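# What the coordinates show
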Amino acid sequence: SGEIFLIDAVSFSQSGKFNVSGGLNNSRVTDLKWLPSSNTSNQFVATFGNGVMLVFDKDKEDGSQKSVAQQLQAASEASSGDQGFSVSHPKTTKNNPVSRWHIGKGPINHVCFSGDGKLMVVCCHDGFARVFDYASEKLQYCFRSQYGAMLCAAWSPDNNYLLTGGEDDVVVVWSWADKAPIARCLGHNSWISSVIFQPELCEEGDKTQDGARSNYRFISVAQDGRMCFWDLNEGNLIFSRKRAGAPRRSNSTMPQQARQVGNNVAEVPRPEEIPSMEPVGNYLIDLEPLSSIHLVPAGVVTACFGGQAKLWTKHEFVPGTQPAFDDDD
């Protein structure tokens, strides 16, 4: 219906309702994210199945829905250019929405922010992951999948790297500074649903000149029911290149040349043009397609298309073992 409910996490009672009856945007909600910046901590974004993203303030009520929706849509259409997005603002700041974005063609699948809140990645059904400077509302760069939709993304804790995943069954690591791919992560055989870094396992070791960390641990889940653990470091990429018959480099984490397919648009190179990486752990944890993954102090929470959420403790994932799961639970 497009409606959004704000739930008190202590009492589990409803404390707010937004886009009532789809008055501001009549399409299904695909993702919700709080803005991480302290200056906008009371704001959140909602993405929809028609390519619209609305920014809400939890302390404001919806404006006169019909007039606001019409005004924002007209302004959005008038400002739409050749960059694949437009942003419009209501005439008054007293009510929601704070702003209306229209991005890409078709549904928006996922949105995420860098740790400092400056950069926003929007993964779209048209196969693009668009990176915006959120404050200035400017498009910075686009990454395009080999084929199919972009479904998920995640920033490294230091914002040096960006993970993307989608319908091409591959997790790709991008260097943000170089706007180029680092590696293709091969371990799934279905669409990638969600990716996330483990900050406590992104180790501060010997630093390169650009200040990058020496190792990055991240996790991916996919619709094949598998959860994969990855370690991004120089050794893993050298091993992958040697195994593939490629010559050894003195610095295997050197970004590879991305295929430029337009102005500020890069596409994933062909498999032979980029190092590959295998997971350090690959576990079948569900017979249902997995939809998302979340880190909590006790371990890892996964959700599946069957409507179940499961908590996995850290000791269950030991190399060479398969964690037990009960599909009837």
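Remember, predicted model here, so these are calculated numbers, not experimental data.

## Regarding the packing of aromatic side chains
This structure, assessed with the given rule, holds 18 aromatic pairs. Here Tyr 141 and Phe 143 contribute two aromatic rings whose centre-to-centre distance is 5.4 Å and whose plane-to-plane angle is 50°, an arrangement assigned as tilted. Across the pair, exposure class does not vary: Tyr 141 and Phe 143 are buried alike. A network of ring pairs unites the aromatic residues Phe 85, Trp 101, Phe 113, Phe 132 and Tyr 134 as a single cluster.

## Observations regarding the environment of Asn 282
With respect to the secondary-structure elements, Asn 282 resides in strand E22 (residues 281-284). Overall, Asn 282 belongs to the partly exposed group, its relative accessible area being 29%. With 56 residues separating them in the primary sequence, Asn 282 and Arg 226 have C-alpha atoms 6.8 Å apart. A distance of 3.1 Å separates the side chain of Asn 282 from the backbone oxygen of Gly 187, its partner in a polar contact. One polar contact links Asn 282 to Arg 226, side chain to side chain, over a distance of 3.2 Å.

## Describing the pattern of salt bridges
Two side chains bearing opposite charge may form a pair once their charged atoms approach each other closely. According to the stated counting rule, one finds six salt bridges in the structure shown. Between Arg 130 and Asp 126 there is a salt bridge, and its shortest N-O distance comes to 3.0 Å. What makes Arg 130 buried here is its relative accessible area of 6%. Across the pair Asp 286 and Lys 310 runs a salt bridge, and its minimum N-O distance is 3.2 Å. Of the two residues, Asp 286 is situated in the loop between E22 and strand E23 (290-296) and Lys 310 in strand E25 (residues 309-313); the sequence distance between them amounts to 24 residues. A single burial state applies to Asp 286 and to Lys 310, both of which are buried.

## Remarks on the environment of Ala 129
With respect to the helices and strands, Ala 129 occurs in strand E10 (residues 128-133). In this structure, the C-alpha to C-alpha distance between Ala 129 and Arg 144, residues 15 residues apart in sequence, is 6.3 Å.

## What about the pairing of strand E6 (residues 85-88)?
Residue alternation in E6 divides its side chains into two sets, Phe 85 and Val 87 and Ser 86 and Ser 88, and both sets are buried. Here E6 runs beside strand E7 (residues 99-103); their pairing, made up of four bridges, is antiparallel. Along E7, the bridge assignment pairs Ser 86 with His 102.

## Some details on the state of the cysteines
Under the criterion given, the structure shown has zero disulfides. Not engaged in a disulfide, the cysteine Cys 152 finds its nearest cysteine sulfur in Cys 123; these two sulfurs lie 6.5 Å apart. Here Cys 152 falls in the buried class, since its relative accessible area comes to 1%.

## Re the sheet that holds E23
A sheet is described by the order of its strands in space; here three strands give the open sequence E23-E24-E25, paired in antiparallel fashion. Edge strands, defined here as strands with exactly one partner in the open sheet, are E23 and E25. Along the sheet, successive strands turn relative to each other by an average axial angle of 25°, direction set aside. With six bridges connecting them, E23 and strand E24 (residues 299-304) associate as antiparallel partners. Following the sheet pairing, Leu 290 is matched in E24 by Cys 304.

## Describing unusual backbone geometry
Here the amide bond leading from Asn 96 into Pro 97 is cis, since omega sits at 0°, within 30 degrees of zero. Inspection of the secondary structure assignment puts Pro 97 in the loop between E6 and E7. Positive phi is not limited to glycine here, since Ser 21 has a value of about 55°. Its location among the elements puts Ser 21 in the loop between strand E2 (14-18) and strand E3 (29-34). Given the relative accessible area of 59%, Ser 21 is considered exposed.

## What to know about the confidence of the model for the chain
A residue-level look at the chain finds 77% of positions with pLDDT of 70 or above and a mean pLDDT of 82. Mean pLDDT values for the elements of the chain range from 49 in strand E19 (residues 259-262) up to 97 in strand E16 (residues 192-197). Confidence drops under pLDDT 50 across residues 238-261; counting only partners more than four residues distant or on other chains, this segment forms 56 contacts.

Basis of the calculations
Residues numbered from 1 in each chain as written. Predicted model: local features only at pLDDT ≥ 70, side-chain atom pairs only at ≥ 80, totals over all residues. Heavy atoms only, no water. Phe/Tyr/Trp six-rings, centres within 6.5 Å; stacked < 30°, edge-to-face > 60°. Buried < 20%, exposed > 50% of the residue type's maximum accessible area, 1.4 Å probe, protein only. Helix = DSSP H or I, 4+ residues; strand = E, 2+ residues; numbered from the N terminus. Polar contact = N/O pair within 3.5 Å; in protein donor to acceptor, adjacent residues only side chain to side chain. Salt bridge = Lys/Arg side-chain N within 4 Å of Asp/Glu carboxyl O. Pairing = 2+ DSSP bridges. Disulfide = S-S within 2.5 Å. Axes fitted to C-alpha atoms, helices over the stretch in contact; angles between N-to-C directions. pLDDT = per-residue confidence, 0-100. Contact = heavy atoms within 4.5 Å.

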